[in-house]
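Here is what each chain is made of, one letter per residue.
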4 protein chains.
Amino acid sequence: MKNKKSNKIKVGIVGGSGYVAGELLRSLIHHPNTEIDFVYSHSHSGKKISEIHTDLFVSDLVFSQKVNSEIDIVFLCLGHGNSTRFLLENEFSQTTKIIDLSNDFRLNKDKILKLKNTRQNQEKELEFVYGLPEIYAQKIKESNYIANPGCFATAIQLGTLPLTADFPTIKEWHVHALTGSTGAGQSLSETTHFSWRNENLSVYKPFVHQHLGEIHQSLKDVSQNFEGQINFIPMRGNFTRGIFATMYTNLESNNLENMSEEEIISSYKNFYKDAPFVKISDKPIDLKQVVNTNYCLLHIQKIENKILVTSCIDNLVKGAAGQAIQNMNLQFGLPQETGLTFKANYF
Amino acid sequence: MKNKKSNKIKVGIVGGSGYVAGELLRSLIHHPNTEIDFVYSHSHSGKKISEIHTDLFVSDLVFSQKVNSEIDIVFLCLGHGNSTRFLLENEFSQTTKIIDLSNDFRLNKDKILKLKNTRQNQEKELEFVYGLPEIYAQKIKESNYIANPGCFATAIQLGTLPLTADFPTIKEWHVHALTGSTGAGQSLSETTHFSWRNENLSVYKPFVHQHLGEIHQSLKDVSQNFEGQINFIPMRGNFTRGIFATMYTNLESNNLENMSEEEIISSYKNFYKDAPFVKISDKPIDLKQVVNTNYCLLHIQKIENKILVTSCIDNLVKGAAGQAIQNMNLQFGLPQETGLTFKANYF
Amino acid sequence: MKNKKSNKIKVGIVGGSGYVAGELLRSLIHHPNTEIDFVYSHSHSGKKISEIHTDLFVSDLVFSQKVNSEIDIVFLCLGHGNSTRFLLENEFSQTTKIIDLSNDFRLNKDKILKLKNTRQNQEKELEFVYGLPEIYAQKIKESNYIANPGCFATAIQLGTLPLTADFPTIKEWHVHALTGSTGAGQSLSETTHFSWRNENLSVYKPFVHQHLGEIHQSLKDVSQNFEGQINFIPMRGNFTRGIFATMYTNLESNNLENMSEEEIISSYKNFYKDAPFVKISDKPIDLKQVVNTNYCLLHIQKIENKILVTSCIDNLVKGAAGQAIQNMNLQFGLPQETGLTFKANYF
Amino acid sequence: MKNKKSNKIKVGIVGGSGYVAGELLRSLIHHPNTEIDFVYSHSHSGKKISEIHTDLFVSDLVFSQKVNSEIDIVFLCLGHGNSTRFLLENEFSQTTKIIDLSNDFRLNKDKILKLKNTRQNQEKELEFVYGLPEIYAQKIKESNYIANPGCFATAIQLGTLPLTADFPTIKEWHVHALTGSTGAGQSLSETTHFSWRNENLSVYKPFVHQHLGEIHQSLKDVSQNFEGQINFIPMRGNFTRGIFATMYTNLESNNLENMSEEEIISSYKNFYKDAPFVKISDKPIDLKQVVNTNYCLLHIQKIENKILVTSCIDNLVKGAAGQAIQNMNLQFGLPQETGLTFKANYF
């Protein structure tokens, strides 16, 4: 029994009571190569996970306050800032891989975490790689420490990267995106109250959303001259799951007015030729085509002198837990799709 | 200016930041015979009401911590139990009418409130009348103190009273009703979280809902022999406004099997012949027909040996604020409909 | 009785079974100065209006196939193109005012309708005025024939007009707006099917929406040099009522980088100082603040070097029926607000 | 390649463009033991299935008008009445298994289909077994022809069967259930229009729903003396997926007043001890716990003298396509859960 189990990747989940941890659990209990070793939750320790993630009524897993430091991989599903603190207080083995789902280590300026008091009383540095598999698959395979991208950032990067990479003169993207309520997490607030949010819409953090940093960083990484502006208006939508984003750039102001739609679509198809989870649709798309899946679906149109890209993902899957598992698969040499071919539910 | 205003009914609202108070404000600012004197809120004193009821952006009213004890009428929109406390601590003039929207004074056993320390150091008793205008209009006109019915109780009583009154042998009603999220108030909880409630359904307090007391009391009042059972399953619906209730009784077990559908519908039409806000539909009904109105819409069918009554109201209007205004109109000798002919929004 | 009635404005509604006609009916049955003379519907002639507009169960009005050509005012709620045909086939008296809610007469190039075969066998021309009261109130008062603006066009114009008027150097607006399902009318289609639209989002007609024409026309009218681009992405939202629009312009590229937020907000407040239905909020806004009202609510922010305007309206009220009544009020010398102070429902 | 494939069950789907066929496709493309041989659709022949089931954008399957009569199993997803016609017109091999998802063969009186013109010019009879695995697993294993239960019928039978079986004196169940919009299929109608259905509720076919026949049949099968009444009120809910049902019986009128809650829950647990997809929750349940899964979740309470059972399923999964696959698994000797352990999406 033990031996049989030991072939599987032993997984720990920290911050186990949140929405993202719930999606990790829903996914990993069916993943053919993993077994869940512990689900850490300070506040719910001792409870069955099904008391919080009530759809997991067939699982006997129990929240724990103990961390197994010899685990193969640990997913950190903590609030922004808390991952750093957790890693400073809890040491893992040299071989333990870490996937952090907060924004603590996404930016180059934050990517190195110095751990001072290790067992051997030596300094240790963890260097995180930005976990967007569509551009950093090779680095992810070689790294133990992954900073999983933000949900808006994933949808927007996957929509803007190919064109920006191929046409470095692009100076500006106009981006608009709506997120479902699960993007705001489980905390109760006016804007997560059903009576308020139902049938309602609102803008938040226009032009200054915290995901802009990682988007800029990736765009510059694929196009060193990119000094462009990303004008981003995020909105709260009246739905639970998903991100629906539109982004356009004016070809004229970018001296690209002679580009045909076909050339541009080719640029996208070529960019994603090895990416199993990014698909280009030749028809207009709608959000529910990707809900409960790990896909990012893109639609690209040239209209007048503009290129419009529509991009949608499930914020909890490709925007969080699914992408984390995709990264884990890369780290462990598994096909990226392993355990991620979910039945969509569409309606 | 002052003189002109003094012809209007001066209104105070206590507990002004809740959903029901919001509906009272939305309604009363357009009521032709009222002017709002104060909106009492302990926690929001000093703020404009539009900071809380954000759709009332054209109003300059400000929450106050001061109560005008000489007011013509005060609406108490406090949590259950708090109305009693408020009235013990705040004395009003002899002529001030009080409409309480909590369940503090609805039952006969609770209908008298003894106030000990009045200005003249004398005991005073306030005797509340149950404010369902469709059966107690005369009493309401003659009383200064009204206990406004509960929302479920309104929908269910209006659906069961006529048949129960006319056919005292009825022994049992099977009642099922769904309420919108505003029925649970503004407090944040798991079941009011958008991510949870959206697209979801659940039962609560089956067979033991607190409104059963007032329903039984009214049914007994119209049918002295009524010893019947009311089997009531309340549910939380995934919508914001409204109550949709079905209720049926078996004619056979009640020895009424020879009653025709026409006779029964006549019984309802006759019962409500003077009730401006109860309408009998000869077609199946849907909830949105009454949303944002003060109507109760009923549909009555005889199917096999059962009578099925479908009843729907807006929980915040006919189920709370609208009914309170209807009671106020009665108390001040105004037509019941005054200020209550709202444009529905249907969609 | 007749005499008493004759003081009221006699109204006819053509195309009476659609959503917009329903909103006109809901509104006009409570309007203090109107009486509904006929509700024309070819397909439903002879039915009670409550069979189609099922929330109007208290109304005894019946759809008719007869048009009263001596009516004081007629509202045309027909599909685009059908208004022209209807007016060619149905002649009205010289004094009958006409408010057309289609896009047949909104553009200057379409604003004159030639009627060939009039009673006196003379040619007659109807010249339509674009019915946006916030800029054309005076013209509307003096005209018998009004082309009521489109819903998207209303929300976007009210958000862009003041800045464009005051600062003629503006070259570009980036506009994004979501509309509720009632914007698509009653016709059944894949995108109006509940199973599809619920929890879903999609783009339609990006950059080429038919309302762009009227928006450009008005912007040029307030700013003769306006040669700007309006980049407009319309979306289908998963809600029934309302339009929520964001629009921004880059001050830098418009040589306006020194403008302060205060100056710009002042520009808006000044522009709308006599407009009873446009309000500037100093806090971020949400769609439900205006649902079931005739208000347009605006929020204006300077962020970095951009001005962002958020604008929301109820598509069926300020975006259609309410604005039509506002125009009627102007035409008949009534205060604009008459009959339009609806109780909002917020939730 | 061919050989490898031939180990898999070859599946045909008839009526491939509907919601249920979509769910079958979503499920079967990930089922480890099946390969899809044809997807028959008269109206969409030649189109890719992803043109209709737009979330299946990674599939290259194409709708066909040709039926492979040597297929291992065919699922009929046709409208009620059309399965009979299809089978009369299309002959399958002796070994082809058929799972019909309409109500054509569910009742004992309909369970035998006589095929007149077979290849050998002989009469042939297909005898269908009612495909509720929780009571008929053995029969299903042994039969080639399965009549898959209705969605309401599944939720209600799984909630009422154990108690009815163990306590044959039960005379009456009071049942109330809401269904999502996908239950009504893809056809466009007033009640499937988003503008109508959103935030709305309505009753349909009270006490006379067509699923009552199969429910009665099963209850009599487990309790031969069952002559009870099932009072069933179905409702249209404002959500897309799921059935939420409550059902209660009065222990007193059934002479069972001494039964404890524990005894009754034991009765249910024992009844379902071998049923992998029926779970008993010891806490109140909500609909989303089962959405996009094949589970039926039950909660059982004794309250006063009544037993209340709450039952919920996904109407398209356990109520249709999932249950059909569960039946297929039984027919082919596979574990019932094969290919049915979907990641739920909860929110």
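If you look chain A up in an unreviewed UniProt entry, it shows as N-acetyl-gamma-glutamyl-phosphate reductase from Bernardetia litoralis. According to the UniProt record, the Function (unreviewed entry) comment for chain A is "Catalyzes the NADPH-dependent reduction of N-acetyl-5-glutamyl phosphate to yield N-acetyl-L-glutamate 5-semialdehyde."

Chemist: I'd like to hear about the interface of chain B and chain A, residue by residue, with values.
Modeler: Between chain B and chain A, the residue contacts involve 17 residues of the former and 17 residues of the latter. Surface buried jointly by chain B and chain A totals about 1400 Å² across both partners, of which 64% is contributed by carbon and sulfur atoms. Seen at the junction of chain B and chain A, the total is 0 salt bridges. Where chain B packs against chain A, one counts 12 residue pairs in polar contact (both at pLDDT 80 or more). In terms of residue count, helix H6 (residues 194-197) of chain B provides more of the side of chain B that touches chain A than any other element does, 3 residues in total. Considering only residue class, the side of chain B that touches chain A consists of 4 nonpolar, 12 polar and 1 charged.

Chemist: Would you mind going over the interface of chain A and chain C in detail, with residue names and values included?
Modeler: One frequent convention defines the size of an interface as the accessible area lost when the parts assemble. Taken together, the contacts link 39 residues of chain A with 39 residues of chain C. Summing both partners gives a buried area of about 3300 Å² for chain A against chain C, and 60% of it is carried by carbon and sulfur. Considering only the side of chain A, the residues that lose the most area to chain C are Glu199, Leu201 and Phe207 of chain A, jointly responsible for 18% of the buried surface there. Applying the counting criterion to the chain A and chain C interface returns 0 salt bridges. Taken together, chain A and chain C are joined by 25 residue pairs in polar contact (both at pLDDT 80 or more). Sorting the residues of the side of chain A that touches chain C by element identifies strand S10 (172-179), helix H6 (194-197), strand S11 (202-203), strand S12 (229-236), strand S13 (243-250), strand S15 (296-303) and strand S16 (306-313) of chain A as the ones contributing at least two each. It is S10 of chain A that provides the largest number of residues to the side of chain A that touches chain C, a total of 5 residues.

Chemist: If you had to explain the relation of the copies chain B and chain A to someone new, which residues and values would you point to?
Modeler: Of the two same-sequence chains, chain B is brought onto chain A (RMSD 0.0 Å, axial shift 0.0 Å) by a rotation of 180°. Expressed as a symmetry operation, the mapping of one chain copy onto the other fits a two-fold axis. The rotation axis passes nearest to the C-alpha of Phe194 of chain B in chain B, at a distance of 2.0 Å. Mapped onto chain A, 100% of the interface residues of chain B again fall at the interface, so both copies present the same surface.

Chemist: Could you give an account of the packing of helix H2 (residues 19-28) of chain D against helix H10 (residues 317-331) of chain D, with specific residues and numbers?
Modeler: Residue and element names in this part refer to chain D. Where H2 meets H10, the axes come as close as 9 Å, and the angle between the chain directions of the two elements is 50°. Here H10 runs oblique to H2, going by the angle between their axes. You can see that H2 and H10 cross each other, and the crossing is right-handed. Packed against H2, whose contacting residues are Val20, Glu23, Leu24, Ser27 and Leu28, the element H10 presents Val317, Ala320, Ala321, Ile325 and Met328 at the interface.

Chemist: Describe the relation of the copies chain A and chain C, and please don't skip the residues or the numbers.
Modeler: For the pair chain A and chain C, the superposition axis carries a translation of 0.0 Å, the fit reaches an RMSD of 0.0 Å, and the rotation angle comes to 180°. A shared binding surface is used by both copies, with 100% of the interface residues of chain A retained as interface residues in chain C.

Chemist: Which residues make up the state of the cysteines, and what values do they have?
Modeler: Residue and element names in this part refer to chain B. For the structure on display, the rule yields 0 disulfides over all chains. Summary of cysteine pairing: Cys151 is not part of a disulfide, and the nearest cysteine sulfur, belonging to Cys296, is at 12 Å. Looking at Cys151, the relative accessible area reads 16%, which means it is buried. This cysteine, Cys296, is not joined by any disulfide, and Cys312 carries the nearest cysteine sulfur, 7.0 Å off.

Chemist: Kindly report on helix H9 (residues 317-331) of chain B, identifying the contributing residues and their values.
Modeler: For an α-helix, the turn length of 3.6 residues means that residues three or four places apart are oriented alike. Residues and elements named next belong to chain B. For H9, which comprises 15 residues, the first-to-last C-alpha distance of 18 Å sits more than 12% below the rise-based estimate of 21 Å (1.5 Å per residue). At Gln323, H9 shows its largest bend, some 45°. In terms of burial, H9 is largely enclosed, as 15 of its 15 residues are buried. Trailing H9 by a residue or two, Gly333 shows a phi angle of about 70°, which is positive.

Chemist: Pulling in residues and values, what's your account of the sheet that holds strand S3 (residues 63-64) of chain B?
Modeler: Residues and elements named next belong to chain B. Overall, parallel pairing links the 7 strands, which are arranged S3-S2-S1-S4-S5-S9-S8 in an open sheet. If you trace the sheet from one side to the other, it starts and ends with S3 and strand S8 (129-130), each paired once. Here strand S5 (residues 97-100) pairs with strand S9 (residues 145-147) via 3 bridges, running parallel. In the sheet register, Asp100 faces S9, and the bridge partner there is Ala147. Across the face of the sheet, helix H2 (residues 19-28) comes into contact with strand S1 (9-14), strand S2 (34-40) and strand S4 (73-76) while running at roughly 160° to S1.

Chemist: Could you give an account of the sheet that holds strand S9 (residues 145-147) of chain A, naming the residues involved and the relevant values?
Modeler: Residue and element names in this part refer to chain A. Read across the sheet, 7 strands follow the order S3-S2-S1-S4-S5-S9-S8 without closing on themselves; strand pairing throughout is parallel. The open sheet has two edge strands, strand S3 (63-64) and strand S8 (129-130), and neither has a second partner. Pairing analysis gives 4 bridges linking strand S1 (residues 9-14) to strand S4 (residues 73-76), with the strands arranged parallel. In the sheet register, Ile13 faces S4, and the bridge partner there is Phe75.

Chemist: So what's going on with the pattern of salt bridges? Residues and values would help.
Modeler: The full count for this structure, using the stated rule, is 44 salt bridges over all chains. The salt bridge partner of Asp110 of chain A is Lys109 of chain A, with a shortest N-O separation of 3.2 Å. The exposure class assigned to Asp110 of chain A is partly exposed, which follows from its relative accessible area of 23%. According to the relative accessible area criterion, Lys109 of chain A is exposed, its value standing at 68%. Of the charged contacts in the structure, one is a salt bridge between Asp314 of chain C and Arg241 of chain C, with a shortest N-O distance of 2.8 Å.

Rules behind the numbers
Residues numbered from 1 in each chain as written. Chains lettered and ligands numbered in written order. Predicted model: local features only at pLDDT ≥ 70, side-chain atom pairs only at ≥ 80, totals over all residues. Heavy atoms only, no water. UniProt positions renumbered as here; feature names shortened; annotations may be inferred. Contact = heavy atoms within 4.5 Å. Buried area = accessible area lost by both parts, 1.4 Å probe. Salt bridge = Lys/Arg side-chain N within 4 Å of Asp/Glu carboxyl O. Polar contact = N/O pair within 3.5 Å; in protein donor to acceptor, adjacent residues only side chain to side chain. Helix = DSSP H or I, 4+ residues; strand = E, 2+ residues; numbered from the N terminus. Nonpolar A, V, L, I, M, F, W, Y, C, P; charged D, E, K, R; others polar. Least-squares fit on C-alpha atoms with pLDDT ≥ 70 in both. Axes fitted to C-alpha atoms, helices over the stretch in contact; angles between N-to-C directions. Parallel < 35°, antiparallel > 145°, perpendicular 65-115°, else oblique. Left-handed = near helix turned anticlockwise from the far one by under 90°. Disulfide = S-S within 2.5 Å. Buried < 20%, exposed > 50% of the residue type's maximum accessible area, 1.4 Å probe, protein only. Expected span 1.5 Å × (residues − 1). Bend = angle between axes of the 7 residues up to and from the residue. Pairing = 2+ DSSP bridges.

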